[in-house]
Structure formats: structure tokens, C-alpha cells
Amino acid sequence: MPAKRPTGAGAFPKAVEPPAPPVADPVATYAALDLGTNSCRMLVAQPKGSQFHVIDSFSKSVQLGHGLEASGRISRASMGRTVQAMRICRKKFQKHRVERMRLVATEACRRAENGVELIEAVRRETGLELEIIQPEEEARLAVVSCAPLVSTRTEQLLVVDIGGGSTELVWIDISRVPRSERPKAIMRLHKGFVTENSPFPAAKVVDWISIPLGVATLRDQFRDVKGDGARFALMSCYFEDMLAEFTPYEAGVGREGFQIIGTSGTVTTVAASHLGLRRYDRNKVDGLRMTSAQIDAVIRGYLIMGDAGRRADPRIGRDRQALIMSGAAILQALMRAWPTDRLSVADRGLREGLLYAQMSADGVLEDGPF
């Protein structure tokens, strides 16, 4: 069943959000790391105006979810890959003299019997401190990362983060916020989903849910089904059934003023395929708006390609080929369920949310306070 509305580790800089320094350094170097079910992804950045400038990044497939569904444990091989990836990140932190960082782990470590053992191994081998965050904070950080993509015309916003082991959905009402303040109101949610005491125009989180199905876990549940088409249809219908408890508005809402933002590797891969990019270009993908018909056309193309074709497609690649159809099944189910035929594509997520939250707390972003 979905995890719904739950409440609320060093030799290296402590990987938590300490109180802001008395005088914030506007050129301090920050880092954020997301250890997910499939990948370890990291950004190093500096504040730049109301945004930030990325000066280094790193991504490596660690496959924490491999075999997790069956055994309930993270394998030794996955632990080894994770420690190796974290050693690389540590060298980058040292190279860039990172002053503030937050390093988090999500669904795989939440679910695994030996998730804490992995955290201890990383601390012992690298000196870096990972923390396992809860679904609410994961959802909140995904929302914050998407704030710059919120249209000033949007009144009802749905942010969807399709991960490897879970999918977070957050429905936000910003109809009472002045149009020019709506992106900033979303940004202020980094402090929490409850904002009654805020002196600023507040975004209202109407409902949110964390569904324990992502691209890896959904694929594993239907691995034995023969045939691409049959497997895809079953995955999509199964995921749609999991949305039954998520009912922000019983009477529904109209298309006017409604925006859905999707953030995940699935969404950005579908966008790159739609654009026909020979090489991935974040500047062309981030912020792109796609129609349901365009998304469906890309997914039909994936089904026609088959395994071999998807593996050879440069927009998908060998690593993502095994996961793209389960991600596409989730995406198609979501587009059927909500009153819109458009999706805003976000090439951003937990890492960006972590950076925004740290920088906002330190007051180093120009257009604050957020």
C-alpha cells in the first residue's frame, strides 16, 4: 500500500543542515547527493542570483534495488559500488573545498533490512555521512526543485517524482497566491508542507502521497510477464490502481489553471526522444511542455523498437533500457488520471531541492527570503 503522509551521521563536514552561519558567504560552495534505488547522483554548486551555478557533478549506477524485492536486503555488490561512488564524490568535495553539504538516501535504504549497515559502511570507508530521509521530505525537496518551472498562470499544481523505488505526488493549491509570487511560494515549502504561520503568501499542500513503486520495483513485479505490450499494459493498469487513495479534489478540477510537472529520468528520456536529440541537451529538455499525444507517440515507438532497439537508441542507452518501459507505464497512467493533456518536463529533482533548501536557509539567494 502507498505510504501516505508519514511524519517528518564524521571526519567530513556533517551531512545535515546546521544553523546558518552568522554571516552567510555568498560564494560558498555547496554539495548535494542523492543515493537512490538505481543511482548515486551528486552536484557541487555556488549561489548565483536567485539560482545556483553547477561547478561539478557526478552520477553512477549503483543498483541498490537489484534483488531487493526478493531478498529484502541490499547486496554486497551494490554496497561495494556505492562505497566506490562515494569515494569519488569525497575527492570532488575536497577538490572544490565544499563548505556545506547534505547527502541523503531514499527508498532502497528505507526498505532494506541492512540499509543502516550501508550508511555505516559509507561512513567507515569514506568519512561521509549519509542520512535516510522520509517520503515527505523527499516529496518536499522534489517540489522545491521545480519551483522555477511553475507558471504564474497556474492555480493547481501537481508535481510528480518518478524514482527507482517509489513515486511521490504532491498536489498544491496556489490560487490564493498573487500570480507574481507563485514560484516563490512553492520555494518556501522547503521549510515544510504546513505554512499557516508564514507572513508570506502561502502555497497550500492539499494532498500528497508516496507510492512504493518506481521504475525498478514496478519492473521487478512484472518481470515474468512475457511480451512487451502485455507487460506494459499490466504495469500501467497496476500503477493506476495505486492512485485510488490520492484524491485531492473529489469533484475534480478543470484544465484551466492546472499544471503537472514531471521530474525523473523517465520523463527527460521521453522528452529527448520526442525532440529527436542525438545527444542529450538539458537546456532543450528542462522546461519543455509535451502533450499526451506526443508522450503516447514516443511510448508506442519504444514498444515497436523492442529490447534490442531500445538498447541501441542513444537517447535511452543500455543502463536505462531495462527501466524505461516501467517508467513509461507510470507516466502514461499519470497522464490518464489528471485533467490535463500537457506535462512540463523537469530535468531537476532531489539534488536541486537539497541545494535550494541549504542556500535558502543560509540566505545566499538574492530574491529571498524564501
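Residues numbered from 1 in each chain as written. Predicted model: local features only at pLDDT ≥ 70, side-chain atom pairs only at ≥ 80, totals over all residues. Heavy atoms only, no water.

### Some words on the sheet that holds strand E2 (residues 39–48)
To keep it simple, the criterion reads: One bridge is not enough; two strands pair if DSSP finds at least two bridges between them. Secondary structure is summarised from DSSP: a helix means a run of H or I of at least four residues, a strand means a run of E of at least two, and numbering begins at the N terminus for each. Throughout, a contact is declared for two residues whenever any of their heavy atoms are within 4.5 Å. Angles here are taken between N-to-C directions and fall from 0 to 180 degrees, while the axes themselves are lines fitted to C-alpha atoms, restricted in helices to the stretch in contact.
The strand order E3-E2-E1-E4-E5 describes an open sheet built from 5 strands, whose pairing is mixed. The two strands at the open ends of the sheet, each matched to only one other strand, are strand E3 (51–61) and strand E5 (131–132). Pairing between strand E1 (residues 30–35) and strand E4 (residues 100–105): 6 bridges, direction parallel. Along E4, the bridge assignment pairs Asp 34 with Val 104. The strands that helix H2 (residues 76–95) touches are E1, E2, E3 and E4; relative to E3, the one it contacts most, it runs at about 150 degrees.

### Examining empty space enclosed by the protein
Put simply, the test is: Cavity: a set of points on a 1 Å grid over the protein atoms alone where a 1.4 Å probe fits but cannot get out. Pocket: an open set with protein on both sides within 12 Å along at least five of seven lines, its lining residues, like those of a cavity, having an atom within 4 Å of a point. Grid points are joined across faces, edges and corners, and a volume is the space filled by probe spheres set on the points. Under the convention adopted here, Pro, Cys and the residues Ala, Val, Leu, Ile, Met, Phe, Trp and Tyr are nonpolar, Asp, Glu, Lys and Arg are charged, and Gly plus all remaining residues are polar.
Considered as a void within the structure, the largest cavity measures approximately 40 Å³ in volume. Lining the largest cavity, in full, are Thr 37, Gly 65, Leu 68, Glu 69, Arg 111, Ala 216, Thr 217 and Asp 220. At the level of secondary structure, the elements contributing two or more residues to the lining of the largest cavity comprise helix H1 (68–71) and helix H7 (215–221). The element contributing the most residues to the lining of the largest cavity is H7, with 3 residues. Grouping the constituent residues of the lining of the largest cavity by class yields 2 nonpolar, 3 polar and 3 charged.

### What to know about the environment of Gly 165
Selection rule: Accessibility here uses a 1.4 Å probe with only protein chains present; expressed as a share of the type maximum, an area under 20% marks a residue as buried, one over 50% as exposed, and anything in between as partly exposed.
Relative to the elements of secondary structure, Gly 165 occurs in the loop between strand E6 (156–162) and strand E7 (167–173). The class of Gly 165 is buried, set by a relative accessible area of 3%. Gly 165 sits 47 residues away from Pro 212 along the chain, and the two C-alpha atoms are 6.2 Å apart. Not counting the four nearest positions on each side in its chain, Gly 165 is found in contact with Thr 37, Glu 107, Arg 111, Ile 211, Pro 212, Leu 213, Gly 214 and Thr 217.

### Here we look at the environment of Met 325
Residue placement: Met 325 occurs in helix H12 (residues 317–337). Note on Met 325: relative accessible area 8%, which makes it buried. Met 325 sits 96 residues away from Gly 229 along the chain, and the two C-alpha atoms are 9.7 Å apart. In contact with Met 325, not counting residues within four places along its chain, are Phe 232, Met 235, Ile 299, Tyr 302, Leu 303 and Arg 310.

### What to know about the packing of aromatic side chains
Formally: Side-chain rings of Phe, Tyr and Trp (the six-membered ring for Trp) are treated as a pair once their centres are within 6.5 Å; stacked means planes under 30 degrees apart, edge-to-face means over 60, and tilted covers the remaining angles.
Per the counting criterion, the structure on display carries 3 aromatic pairs. Residues Phe 52 and Tyr 356 carry aromatic rings whose centres are separated by 4.9 Å and whose planes lie at 55 degrees to one another, so their mutual orientation is tilted. With Phe 52 in strand E3 and Tyr 356 in helix H13 (residues 350–362), the pair connects residues that are 304 residues apart, well separated along the chain. Judged by relative accessible area, Phe 52 falls into the buried class, the value being 15%.

### Examining the pattern of salt bridges
Pairs can form between side chains of opposite charge once their charged atoms are near each other. Applied cut-off: The term salt bridge refers to a pairing of a side-chain nitrogen on Lys or Arg with a carboxyl oxygen on Asp or Glu at a separation within 4 Å.
All chains considered together, the criterion is met by 24 salt bridges. Among the ionic pairs, Arg 123 bridges to Glu 120, the shortest N-O distance being 2.5 Å. A residue pair is termed a helical-turn pair when its members lie 3 or 4 positions apart in one helix, as Arg 123 and Glu 120 do in helix H4 (residues 115–126) at 3 residues. Ionic pairing is found between Arg 282 and Asp 286, a salt bridge with its closest N-O pair at 3.7 Å. Among the residues examined, Arg 282 registers a relative accessible area of 34% and is labelled partly exposed. Here Asp 286 falls in the buried class, since its relative accessible area comes to 16%.

### Some words on the sheet that holds strand E8 (residues 204–211)
Pairing in this open sheet of 6 strands is mixed, and the strands run E8-E7-E6-E9-E11-E10 from one edge to the other. Looking at which strands have only one partner, the edges of the open sheet turn out to be E8 and strand E10 (289–291). Adjacent strand axes in the sheet meet at a mean angle of 20 degrees, parallel and antiparallel pairs treated alike. Relative to strand E11 (residues 342–346), E10 runs antiparallel, the two being bridged by 3 bridges. Counterpart to Thr 291 in the pairing with E11 is Arg 342. Packing of H12 onto the sheet brings it into contact with E6, E7, strand E9 (258–263) and E11, and relative to E6 it is tilted by some 165 degrees.

### Description of unusual backbone geometry
Residues other than glycine seldom take positive phi values, yet Gln 63 does so here, at roughly 55 degrees. Relative to the helices and strands, Gln 63 is located in the loop between E3 and H1. Using a relative accessible area of 33% as the deciding quantity, one classes Gln 63 as partly exposed. With a phi angle near 50 degrees, Arg 97 is a residue other than glycine that sits in the positive phi range. Relative to the elements of secondary structure, Arg 97 occurs in the loop between H2 and E4. Exposure remark for Arg 97: the relative accessible area of 70% places this residue in the exposed category.

### With respect to the packing of helix H5 (residues 135–145) against H13
In helix packing, the relevant descriptors are the interaxial angle and the interaxial distance, both defined with respect to the helix axes. The criterion, for reference: An angle below 35 degrees is read as roughly parallel, one above 145 as roughly antiparallel, one from 65 to 115 as roughly perpendicular, and any other as oblique.
Between H5 and H13, whose axes approach to 7 Å, the crossing angle comes to 80 degrees. For the element pair H5 / H13, the angle class is roughly perpendicular. Counting all contacts with H5, which are made through Glu 138, Leu 141, Val 144 and Ser 145, the residues of H13 involved are Leu 350, Glu 352, Gly 353, Leu 354, Tyr 356 and Ala 357.

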